[in-house]
Amino acid sequence: MSARPSTRQRQGGAALLIAIALLGLLAIATLARALSSPAGTDSELATERALARARDALAAYGALGNVAGNHDNSPGALPCPDLDNDGVSDFNCSGHIGRLPWRTLGMGPVLDGAGECLWYARSARFSNNIQTSERGSSADKPALNPATSGGIVEVSAAGAGQPVAAVLIAPGSALPGQSRSGGFGESGCREGGIEQFVEGATVAGTAYTHTDGEHAIALRAQDDFNDRVLTLTTSRLFASAGARVLGDISLASDGTPPHAWWINNQWCAHVCTSGTQGVVTLADGSRVTRALSLLPACAGVCTGS
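Keep in mind the model is a prediction, meaning the values are calculated, not measured. (Residues numbered from 1 in each chain as written. Predicted model: local features only at pLDDT ≥ 70, side-chain atom pairs only at ≥ 80, totals over all residues. Heavy atoms only, no water.)

Q: Which residues make up the sheet that holds strand β5 (residues 166-170), and what are the values?
A: Pairing in this open sheet of four strands is antiparallel, and the strands run β1-β2-β5-β11 from one edge to the other. Each edge of the sheet is formed by a strand with only one pairing partner; in this case those strands are β1 (97-99) and β11 (228-232). On average, each strand axis in the sheet is inclined to that of its neighbour by 20 degrees, with strand direction left out of account. Packing of helix α2 (residues 41-64) onto the sheet brings it into contact with β2 (119-122), β5 and β11, and relative to β11 it is tilted by some 20 degrees. (Pairing = 2+ DSSP bridges. Helix = DSSP H or I, 4+ residues; strand = E, 2+ residues; numbered from the N terminus. Axes fitted to C-alpha atoms, helices over the stretch in contact; angles between N-to-C directions. Contact = heavy atoms within 4.5 Å.)

Here is the structure:
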């Protein structure tokens, strides 16, 4: 007569069966999730992360207006693009679109989900090549503050929309008719003219292009267009720059920053007070605030405060 299995043996066998069942359920769930996920999801997420990182770095750079962290440039000023793929902003750029200057922004190389370098365009009037001493002297060298309008037009399926300060473009994989080769420089960017990477689109009978650096085309991917874009609005840019300006007010001995950018960019007209707080109102109506021990005498009381 054979011995009956012990209670411990029976419990161990049951636990093994449960574990196997759970592993099976997990495998089924994983397979179902994979089958239900749209193709290219991992690539799309990588692209979204790359664009978001780059935009945050640009906004942080704009808080100072230069990489050195000094007062030589105006808060809100943005760097030239990288035109020779070394990751460095080209100081005397004549155009306003090129590769993202990741080294100037203090980042490593930034690639989209297809392994391509990001492209970057900034509004001409936000250029940090415009000397602070020249700000406010003409339409193309305006005072740089929250009221300064962007020069890049956002384009959606509904047509032209709001102007923005800058745009980041992820080119994605090469489309039929586009030719790219190799990868060069520390950025690893592939070779080819800009038209080999970014496309244009026609919306409501109007043709728009990314190659001129004057549009941010945000459309669904299609056979002849697969660029993904992320814009830097003036409000997002001056949320950072405005916080820096308020910080300089709090450190000033008389409540007025002793820097040329304060006067030339007409910041006093864009700072108001609410009790003991300094306030900068942005283009979208949101506010940047900071408690200050000193308030600039030229700043008025905030409306509605």
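Right, picking up where we left off after that structure.
Q: Describe the pattern of salt bridges, and please don't skip the residues or the numbers.
A: Within this structure, the stated rule accounts for four salt bridges. The partner of E116 in a salt bridge is R190, and the shortest N-O contact between them spans 2.6 Å. Taken together, the residues E116 in the loop between β1 and β2 and R190 in strand β7 (residues 189-191) connect sequence positions 74 residues apart. We classify E116 as buried; its relative accessible area is 2%. Here R244 makes a salt bridge to D248, at a shortest N to O gap of 2.9 Å. Linking R244 with D248, this pair stays in helix α3 (residues 234-251), spanning four residues, or about one helical turn. D248 shares its class with R244; the two are buried. One salt-bridge network, held together by shared partners, links E116, R180 and R190. (Salt bridge = Lys/Arg side-chain N within 4 Å of Asp/Glu carboxyl O. Buried < 20%, exposed > 50% of the residue type's maximum accessible area, 1.4 Å probe, protein only.)

Q: Account for the state of the cysteines, naming residues and giving values.
A: Under the criterion given, the structure shown has three disulfides. A sulfur-sulfur distance of 1.5 Å marks the disulfide that ties C268 to C298. Given an S-S torsion of about 100 degrees, the disulfide between C268 and C298 has right-handed geometry. With C268 in the loop between α4 (260-264) and β12 (271-274) and C298 in the segment after β14 (287-291), this residue pair connects regions lying 30 residues apart in the sequence. On the basis of relative accessibility, which here comes to 17%, the residue C268 falls in the buried class. Owing to a relative accessible area of 45%, C298 belongs among the partly exposed residues under this scheme. Between the sulfur of C272 and that of C302 lies a disulfide, 2.0 Å long from S to S. (Disulfide = S-S within 2.5 Å.)

Q: Could you give me a rundown of unusual backbone geometry, with the residues and numbers involved?
A: Across residues other than glycine, the phi torsion is negative in most instances, and most of the peptide bonds are trans. Its identity is not glycine, yet N85 carries a phi of approximately 60 degrees, on the positive side. Positionally, N85 belongs in the loop between α2 and β1. The phi torsion at Q266 lies on the positive side, around 55 degrees, for a residue other than glycine. With respect to the secondary-structure elements, Q266 resides in the loop between α4 and β12. Take Q266: its relative accessible area is 44%, and that puts it in the partly exposed class.

Q: How would you sum up the nonpolar core? Please name residues and give values.
A: Of all hydrophobic cores here, the largest spans 39 residues; its most connected members are L78, L100, L118, F238, W262, W267 and V271. Those elements that place two or more of their residues in this core are α2, β5, α3 and α4. Among the elements that line this core, the one with the most residues is α2, at seven residues. Not counting chain neighbours up to four residues away, the residues in contact with F238 comprise P75, G76, F126, L144, N145, P146, A243, W267, L282 and V288. (Core = buried A, V, L, I, M, F, W, Y, C linked by side-chain atoms within 4.5 Å.)

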